[in-house]
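Structural features, examined
So the chains spell out like this:
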Amino acid sequence: MTMPYDANDEIPDDALLVLYANGDQAAARVLTLRLTPKVFGHAVRMLGDRAEAEDVAQEALMRLWKIAPDWRQGEAKVTTWLYRVVANLCTDRLRKTRGVALDAIPEPEDDAISAPEMLQNRARMDALQSALGALPTRQRQAVILRHIEGVSNPEIAAIMEIGVEAVESLTARGKRALAAELGKRRKELGYSHD
Amino acid sequence: MTKTDRDMDMLDDLFDGAVSDPALAPSPDFMARVLADAETHQEVMRAASVSPDPTRRSKGKLFRLMHSLGGWPTLAGLATATIAGVWVGFSATFTVLPDALTDVLGSTDDYYLTYLDSGYVFGDEEG
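Residues numbered from 1 in each chain as written. Chains lettered and ligands numbered in written order. Predicted model: local features only at pLDDT ≥ 70, side-chain atom pairs only at ≥ 80, totals over all residues. Heavy atoms only, no water.

Details of the pattern of salt bridges
In total, this model carries 16 salt bridges over all chains according to the counting rule given. A salt bridge links A:Asp55 to A:Arg93; the shortest N-O distance between them is 3.9 Å. Here A:Arg93 lies in helix α4 (residues 78-96) and A:Asp55 lies in helix α3 (residues 50-67), a separation of 38 residues in the sequence. The exposure class of A:Asp55 is partly exposed, given its relative accessible area of 41%. For B:Asp13, the salt bridge is made with A:Arg124, and the minimal N-O distance between the two is 3.8 Å. With B:Asp13 in helix α1 (residues 3-19) and A:Arg124 in helix α5 (residues 116-134), this residue pair bridges two chains. (Salt bridge = Lys/Arg side-chain N within 4 Å of Asp/Glu carboxyl O. Helix = DSSP H or I, 4+ residues; strand = E, 2+ residues; numbered from the N terminus. Buried < 20%, exposed > 50% of the residue type's maximum accessible area, 1.4 Å probe, protein only.)

Examining the packing of aromatic side chains
What the rule picks out here adds up to three aromatic pairs over all chains. Aromatic pair A:Tyr20 and A:Trp65: ring centres 5.0 Å apart, planes at 40 degrees, arrangement tilted. Residue A:Tyr20 is located in helix α1 (residues 13-21), and its partner A:Trp65 is located in helix α3; the two are separated by 45 residues in the primary sequence. Residue classification places A:Trp65 among the buried positions, given a relative accessible area of 0%. A ring pair is formed by A:Phe40 and B:Phe30, whose centres lie 5.6 Å apart and whose planes are at 45 degrees; its orientation type is tilted. Highlighted residues: A:Phe40 in helix α2 (residues 25-47) and B:Phe30 in helix α2 (residues 28-50), drawn from two different chains. Across this residue pair, the class does not change: A:Phe40 and B:Phe30 are buried. Stacked on the ring of A:Tyr191, the Lys or Arg A:Arg124 has its end atom at 4.0 Å from the ring centre. (Phe/Tyr/Trp six-rings, centres within 6.5 Å; stacked < 30°, edge-to-face > 60°. Lys NZ or Arg CZ within 6 Å of the ring centre and 35° of its normal.)

Thoughts on the interface of chain B and chain A
On the chain A side, the residues contacting the 32 residues of chain B number 44 residues. Counting each side, the surface lost to burial between chain B and chain A is near 3700 Å², with a carbon and sulfur contribution of 67%. By the criterion of area lost to chain A, the three top residues of chain B are B:Met10, B:Phe15 and B:Leu24, representing 16% of everything that side buries. Summed over the shared surface of chain B and chain A, the number is six salt bridges. Residue B:Asp7 is joined to A:Arg186 by a salt bridge in which the shortest nitrogen-to-oxygen separation is 3.0 Å. (Contact = heavy atoms within 4.5 Å. Buried area = accessible area lost by both parts, 1.4 Å probe.)

Purely geometric numbers; function is a separate question.
In structure tokens, the structure reads:
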């Protein structure tokens with residue numbers, strides 16, 4: 001099943017949410033296509049488990065559909081609200097499963113694993129995910145949002161309900177820890193020593 | 001370039017790869033489930049807005065009048081103001097009203113209209 005591309009990039013999320021609450025079916029489709037990859041990707045990065053990430057993403061989006069009639073357009077960014085909900089749901093799950101190795105990530109489905117380059121890319125992504133999983137939860141959340149999701153520091157501050165300086169501190173410490181950990185595996189990951 | 005710098009460069013390269021990592025894309029089945037949730041909830045909202053709940057009684061005229069005035073808080077204020085007005089009216093009777101009227105209202109003696117106007121005197125008394 002192939003989903004069509006989002007052809008309504010110019011319509012803001014909050015305007016689409018109002019349309020959705022008014023019964024616009026196209027708005028439901030565009031919001032789903034636009035937001036689900038973000039929410040799911042963030043949940044996978046946080047949890048390291050696709051099945052759990054699907055549960056979290058589905059729950060977060062269901063909460064969005066339910067709050068749609070009461071959404072106040074222009075007051076808050078939909079993505080900020082969603083990332084916050086996802087973060088809370090992930091934190092709850094991580095608390096419950098504390099002690100479970102976060103680097104025990106199931107192999108992602110990939111039909112092209114026969115190519116050496118693809119294998120190396122896969123090994124690199126797995127190594128990054130493993131190192132992310134070893135970070136404290138707040139550092140992991142900040143690093144993922146800033147360096148993988150591409151969210152701005154002020155928006156991360158709003159999502160995590162902390163100051164911008166605290167975000168900068170979390171991302172800096174997280175990056176240093178990741179670099180130190182992954183630096184031990186340079187050769188294994190195909191990076192030169194020079 | 002120090003080892004730390006090289007490791008930071010490597011990390012940036014890994015981040016770049018992670019941004020477009022196809023393994024983190026949601027599956028089509030999952031996308032379909034989310035869309036089904038959205039459409040189902042939209043139907044529920046539409047049904048709720050179109051057909052009123054038959055188990056709920058319709059609002060009466062008194063309720064609508066009360067609602068148009070501002071609801072219970074406004075009515076409570078009105079009632080308080082009314083009671084206060086009545087109390088002020090009665091308590092001020094003996095200090096504000098003219099003496100003659102105060103006497104009429106406050107005295108225990110009996111008064112008759114004939115005291116006020118000679119026109120009330122009966123004709124047979126004249127002659």
